[in-house]
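The primary structure of each chain is shown beneath.
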Amino acid sequence: MDHYIVLFLSTIAMQNSNGKDNFRHTIYKNILDGQEVDCIQTNESAVRYLQERLRKTKESISKIYILTSKKVRDLESFVYEGKAYTISHIELFKKRLGDTLGFVESQFECIEYDETETVETNMDKLLELAHSIREKHGYHSDEMIHFDMTGGLRTVTQMLTSLLYLLKHSQVNIGYVLYSDFTKQLVEDASELFDINTLVAGIEEFTHYGSTRSLQSYFKETITYDTAISDACAELLTVMNEFSMAVSLCIPYKMVQIIKLLRERIDIFKQSVHISVKEDAFCYTIHTIEREYKQLFHTINDDVKLKLAIIRWCIQKELLQQALTLSTEWLPQIIFQEKIFYHTHIDTIRVKPAMHRTKEEEFVISYPRDAKSPEKMLSVNEGAPPNQPAEIVKRIKATIRDVKTKTEVQTLMQSMGKELVKLHAFMGDCVRAWDWLQQQEYNISLHKGQKKEVSTSNIMAFQGQFPEVEQYLQNMFHQNPNTQVSYGKFLLQQSQTLGKFLFMILGSVPEKTLLQRFWAAQELCEVEPIKRSGSIKPLEAYRKDKTILYYNLLKENEAHSVLPLEEALQCIVEFHYIKQLRNTINHASEEKQYISSADIIQRVERLVKAIESMHWKEVTVMKELEGIHESDEKRDSF
């Protein structure tokens, strides 16, 4: 690793000549183990302290960035090693390091600083230095910048601190932060003191966005000092990181589990023995997390209340994509369970089976008006499907691993009958998902040094475009809870060949499950035509259709509610509007649809509040219904 140090050069304190030299010496006690080291200037002691620690790992300082004031650039009459010199403090400093450490001229880079100028002017100089260092050393894992905070006035210390934080947030690795105290004859490592800023940033990041990036940086091991942490602290950080991943990837079931575990791990950590100053400081900030997550922690014993609280938390933190996704995933079951929109004899209702959904959820999401079941309707789970589809599925699973091209997939699927048309459509989605992942791998290959994994933002885009395929992949990934591979890397690993990708999805599912999921027997449900255009119905047109549909269902007692009809109608229509809002955002749409974040926040907040209170305060849907009837009457009159 290459190492660099930034310092503000102090003047060399002069005194009467003793024949050998004419400047003050200080003996430092902690530069070399068991030895005293003679230094002529405070910055020298810091540089030698750093060089000695690097020497132990067979490394060395590559360059010193020196901020120089007018005073240290002025010429002085020095006596050094019995010889008289008329040179500046800078030149004597460089000569001294050359004699003691073997440094050469190319290892020094001076940046002029004018102490008579304003702080603003000198900050411009510092920003130029920050830009230069970032260009040279940013985003390089094998380079590290160290700081000597000893020299200069108080404003200089503040400016160096600002430079340190600027670089730290520019992906520049920061190492030792040193301070040389000649009165104590010690060089002190102040790295932990300056890491407090990273801790504060990490707590704010976690409370506002559920991210642990800065906290990981605060606790990660560096060369500067021993950062061993206690088991209680490590377990808390692990759970916080899992919560961060669950939020960023929007994994609904994981979020509920992790919130409960987070509460437990916080309590354990607070009561444990802390083994470092870092842990003490971290514990001091825990109350901030508890305050910000209060509404979640107070509902952990009731899953319905907890899910509603998580949706509300996402809205408050403006994690709108997560709020829409969780609303779509969780609210159908809650709406049915709380009897806002339900059916008294759900077993008699024929709804299309869907992966990972209950019958109650499917009733809320896609209940058709003609779904009343005949008395002796064949259940999807009863009886065996015809042999022909079963044989087709078995043959597909046996041969799918060997396909190499999309044409081969198409040829294989032509052998299917109409009963498996849904599987045909799903395979088409799988092929398109594989294409998308292949493009991601190609894009990554163009950027040297970039991690070979799908980024968090692209994972969310993948979830939006291919939700059904992604659910299978998620299930496969979570079957091995001890894996050290990230989900982004897992996606690229599984998409190496088309056959491997398809087999991983279909081959991992029992044939019976595949038939239950994809066999569309005529007496169970009509197969809907496969829509290839990808267009999404405009929001207002969608809302109009749902308003009419659900008004009639409630009016004719084909669906029920413990709420007054108009409030139940408002709730179910708002849920479907939010669901369609998510679909509109996630999928490409040819129509221009204007969606504001304020509208998303307002709609989700109102629906969650109505479910919590079992009351919709200001019903508007009946007026909308009147407007629809008036519009239809005007149209019919033409």
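In this text the structure is predicted, and so the values were computed from the model without any measurement.

With that settled, consider helix 19 (residues 467-478). Taking 1.5 Å of rise per residue, the 12 residues of helix 19 would be expected to cover 16 Å, and the 16 Å separating its terminal C-alpha atoms lies within 8% of that figure. Among all positions of helix 19, only Val 469, Glu 470, Tyr 472, Leu 473, Gln 474 and Phe 477 are buried.

In this structure, Met 149 sits in the loop between strand 8 (143-148) and helix 5 (154-168). Separated by 106 residues in the primary sequence, Met 149 and Asn 43 have C-alpha atoms spaced 8.9 Å apart. Aside from chain neighbours lying at most four places away, what touches Met 149 is Thr 157, Leu 160, Thr 161, Val 177, Leu 178, Tyr 179 and Phe 194.

Turning to the packing of helix 8 (residues 231-249) against helix 10 (residues 277-292), a few remarks are in order. At a closest axis distance of 12 Å, the pairing of helix 8 and helix 10 adopts a crossing angle of 45°. Our classification of the angle between helix 8 and helix 10 gives oblique. Where helix 8 crosses over helix 10, the handedness of that crossing is left-handed. Contacts between helix 8 and helix 10 involve Cys 233, Leu 236, Leu 237 and Met 240 from the first element and Glu 279, Phe 282, Ile 286 and Ile 289 from the second. Tallied by class, residues from the contact of helix 8 with helix 10 come to 7 nonpolar, no polar and 1 charged.

The tendency in soluble globular proteins is for nonpolar side chains to be buried as a group. Ranked by size, the top nonpolar core spans 85 residues in total, and within it Ile 259, Phe 282, Tyr 293, Ile 310, Leu 331 and Phe 341 carry the most contacts. The residues touching Ile 310, leaving out its near neighbours within four places in the chain, are Met 255, Val 256, Ile 259, Leu 296, Leu 326 and Trp 330. Counting 36 residues, the second-largest nonpolar core is a separate cluster that includes Leu 249, Val 409, Ile 444 and Phe 462.

Within the structure shown, the criterion is met by 24 salt bridges. Lys 94 is the salt-bridge partner of Glu 91, the closest N and O atoms lying 3.3 Å from each other. Of this pair, Glu 91 and Lys 94 are both found in helix 3 (residues 89-101), 3 residues apart, which corresponds to roughly one turn of the helix. A relative accessible area of 9% places Lys 94 in the buried class. In this structure, the salt-bridge partner of Glu 290 is Lys 270, at a minimum N-O distance of 3.0 Å. Residue Glu 290 is located in helix 10, and its partner Lys 270 is located in helix 9 (residues 252-271); the two are separated by 20 residues in the primary sequence. One connected set of salt bridges, linked through shared partners, spans Arg 543, Glu 574, Asp 599, Arg 603 and Glu 624.

Remark: helix 13 (residues 320-337) packs on helix 24 (residues 565-586), axes separated minimally by 9 Å, with the N-to-C direction vectors making an angle of 145°. Once helix 13 is placed against helix 24, the crossing between them reads as left-handed. Two secondary-structure elements touch here, helix 13 through Gln 321, Leu 324, Thr 325, Ser 327, Thr 328, Glu 329, Leu 331, Pro 332 and Ile 335 and helix 24 through Phe 575, Ile 578, Lys 579, Leu 581, Arg 582, Ile 585 and Asn 586. Classifying every residue of the contact of helix 13 with helix 24 by side-chain character gives 8 nonpolar, 5 polar and 3 charged.

What follows concerns the packing of aromatic side chains. Following the criterion strictly, the structure yields 20 aromatic pairs and no others. Geometrically, the ring pair formed by Phe 219 and Phe 282 is edge-to-face, given 5.3 Å between the ring centres and 75° between the ring planes. One end of the pair, Phe 219, is in helix 7 (residues 213-219); the other, Phe 282, is in helix 10, with 63 residues separating them in the sequence. Like Phe 219, the residue Phe 282 is buried in the burial classification. Feature note: the residues Phe 206, Phe 243, Tyr 293, Phe 297 and Trp 313 constitute an aromatic cluster, connected by ring pairs. Note that Arg 603 overlies the ring of Tyr 577, its terminal NZ or CZ placed 4.0 Å from the centroid.

Every regular strand shows the same layout, with side chains that alternate between the two sheet faces. Inspection of the sheet shows strand 5 (residues 75-80) paired to strand 6 (residues 83-88) by 6 bridges, in the antiparallel sense. The residue bridging Leu 75 from the neighbouring strand is Ser 88, located in strand 6. Linkage of strand 5 to strand 6, two consecutive antiparallel strands, is achieved through a turn of 2 residues, within which Glu 81 is found at a positive phi near 55°.

Residues at a pLDDT of 70 or more form 82% of the chain, whose mean pLDDT is 79. Scored below 50 in pLDDT, residues 221-225 makes 16 contacts in the model with residues more than four places away or belonging to other chains. In this model, residues 520-534 is a region of pLDDT below 50 whose contacts with residues beyond four sequence positions or in other chains number 18 contacts.

Conventions adopted
- Residues numbered from 1 in each chain as written.
- Predicted model: local features only at pLDDT ≥ 70, side-chain atom pairs only at ≥ 80, totals over all residues.
- Heavy atoms only, no water.
- Helix = DSSP H or I, 4+ residues; strand = E, 2+ residues; numbered from the N terminus.
- Expected span 1.5 Å × (residues − 1).
- Buried < 20%, exposed > 50% of the residue type's maximum accessible area, 1.4 Å probe, protein only.
- Contact = heavy atoms within 4.5 Å.
- Axes fitted to C-alpha atoms, helices over the stretch in contact; angles between N-to-C directions.
- Parallel < 35°, antiparallel > 145°, perpendicular 65-115°, else oblique.
- Left-handed = near helix turned anticlockwise from the far one by under 90°.
- Nonpolar A, V, L, I, M, F, W, Y, C, P; charged D, E, K, R; others polar.
- Core = buried A, V, L, I, M, F, W, Y, C linked by side-chain atoms within 4.5 Å.
- Salt bridge = Lys/Arg side-chain N within 4 Å of Asp/Glu carboxyl O.
- Phe/Tyr/Trp six-rings, centres within 6.5 Å; stacked < 30°, edge-to-face > 60°.
- Lys NZ or Arg CZ within 6 Å of the ring centre and 35° of its normal.
- Pairing = 2+ DSSP bridges.
- pLDDT = per-residue confidence, 0-100.

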